[in-house]
Amino acid sequence: MRESIEPMHSEMIPAHDSVERLDSLLRGVMGDQVAHKMSANQRALVAWHGANGDRERAHTTRVFLRKPKVAGADPIICVYVDSHSFLTDLTANRDIYLTRLANWGFRVSGIEFGVDREMHRHKGSGLVDGGVQEGGMPQAPQASERLETQARAMAQGVPDNLREKVSRAIIASKIANGEK
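Residues numbered from 1 in each chain as written. Predicted model: local features only at pLDDT ≥ 70, side-chain atom pairs only at ≥ 80, totals over all residues. Heavy atoms only, no water.

Section: the overall build of the protein
1) Next: Helix and strand counts for the protein stand at eight helices and three strands.
2) Next: N-terminal to C-terminal, the α/β element order of the protein is α-α-α-β-β-α-α-β-α-α-α.
3) Next: Counting only residues that meet the buried cut, the protein has 25% of its 180 residues in that class.
4) Next: When contacts within the protein are restricted to residue pairs at least 6 apart in sequence, long-range pairs at least 24 apart make up 53% of them.
5) Next: On the protein, roughly 12800 Å² of surface is accessible, and the fraction owed to carbon and sulfur atoms is 53%. (Helix = DSSP H or I, 4+ residues; strand = E, 2+ residues; numbered from the N terminus. Buried < 20%, exposed > 50% of the residue type's maximum accessible area, 1.4 Å probe, protein only. Contact = heavy atoms within 4.5 Å. Areas by Shrake-Rupley, 256 points an atom, 1.4 Å probe, with all protein chains shown as cover.)

As structure tokens, this is what we get:
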């Protein structure tokens, strides 16, 4: 009776014979001339974008390979994103991304995520009243006296050592929302 029962198969896991290696996919999409001229970092970028969806592509700023920690192992892929919150999501799902890359035919021994600090500097140049000073610190947004008074009143119950920082955060938030 046991022989007649087939094991369950997941529809989400592709059959083993349907997995294709990255080099054959690149040749199929770009042709042999282009695929052979790509660097390892360029292939890593193509693999990352190919293995993941629109959300990951939208937040990714840089992808490159780093030498493995153990000689003879596959390289480590490094992925930089544009925000700390997305970095947290990626880090929590590290194994999923490693599996996606492997299923796409791109083998790595590990994956490291980071926030692209250069991206933040470029975004900082578009801030209200400001951008970045020579020292690399963003300039404080200019607020009206009314807004400063309101922020101090809102931060009244905060401990003395945090009151100034909370007040500045309130002002920055209100200015970002269009108040002056």
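Here we look at the side chain of Ser83
1) Next: Mapped onto the elements, Ser83 comes out in the loop between β2 (76–81) and α4 (84–92).
2) Next: At 3.4 Å, the side chain of Ser83 and the side chain of Ser85 are in polar contact.
3) Next: If we ignore the near neighbours within four places in the chain, the residues touching Ser83 are His59 and Val115. (Polar contact = N/O pair within 3.5 Å; in protein donor to acceptor, adjacent residues only side chain to side chain.)

So, the packing of helix α2 (residues 40–51) against helix α5 (residues 94–104)
1) Next: Running from amino to carboxyl end, α2 crosses α5 at an angle of 105°, the nearest separation of the two axes being 9 Å. In terms of orientation, α2 lies roughly perpendicular with respect to α5. Two secondary-structure elements touch here, α2 through Val46, Ala47, Trp48, Gly50 and Ala51 and α5 through Tyr97, Arg100, Leu101 and Trp104.
2) Next: Its residues assigned to classes, the contact of α2 with α5 shows seven nonpolar, one polar and one charged. (Axes fitted to C-alpha atoms, helices over the stretch in contact; angles between N-to-C directions. Parallel < 35°, antiparallel > 145°, perpendicular 65-115°, else oblique. Nonpolar A, V, L, I, M, F, W, Y, C, P; charged D, E, K, R; others polar.)

A short note on the pairing of strand β3 (residues 110–115)
One face of the sheet, then the other: side chains in a regular strand alternate in exactly this way.
1) Next: Among the six residues in β3, five count as buried, and that is most of the element.
2) Next: In terms of strand pairing, β2 meets β3 through six bridges, oriented parallel. Of the residues in β3, the one forming a bridge with Ile77 is Ile111. (Pairing = 2+ DSSP bridges.)

Observations concerning the environment of Ala44
1) Next: Note on placement: Ala44 falls in helix α2.
2) Next: You can call Ala44 buried: its relative accessible area is 0%.
3) Next: Sequence spacing of Ala44 and Val79 is 35 residues, and the spatial spacing of their C-alpha atoms is 9.6 Å.
4) Next: Those residues in contact with Ala44 that lie beyond four places of it in its chain are Val63, Leu65, Ile77 and Phe106.

Some points on the sheet that holds strand β1 (residues 60–66)
1) Next: Pairing in this open sheet of three strands is mixed, and the strands run β1-β2-β3 from one edge to the other. Since the sheet does not close on itself, it has two edges, and those belong to β1 and β3, each with one partner. Across the sheet, the mean angle separating the axes of adjacent strands is 20° when strand polarity is ignored.
2) Next: α4 rests against β2 and β3 of the sheet, and its axis sits at about 165° to β3.

Some remarks on the pattern of salt bridges
1) Next: Counted according to the given criterion, the structure contains five salt bridges.
2) Next: The partner of Glu56 in a salt bridge is Arg100, with the nearest N and O atoms 3.4 Å apart. A residue pair is termed long-range when its members are at least 10 positions apart, and Glu56 in helix α3 (residues 54–59) and Arg100 in helix α5 qualify at 44 residues. (Salt bridge = Lys/Arg side-chain N within 4 Å of Asp/Glu carboxyl O.)

Quick look at the nonpolar core
1) Next: Residues Trp48, Ile77, Val79, Leu101, Phe106, Ile111 and Phe113 are the most contacted members of the largest nonpolar core, which totals 19 residues.
2) Next: Residue contributions to this core peak at four residues, all from α2. (Core = buried A, V, L, I, M, F, W, Y, C linked by side-chain atoms within 4.5 Å.)

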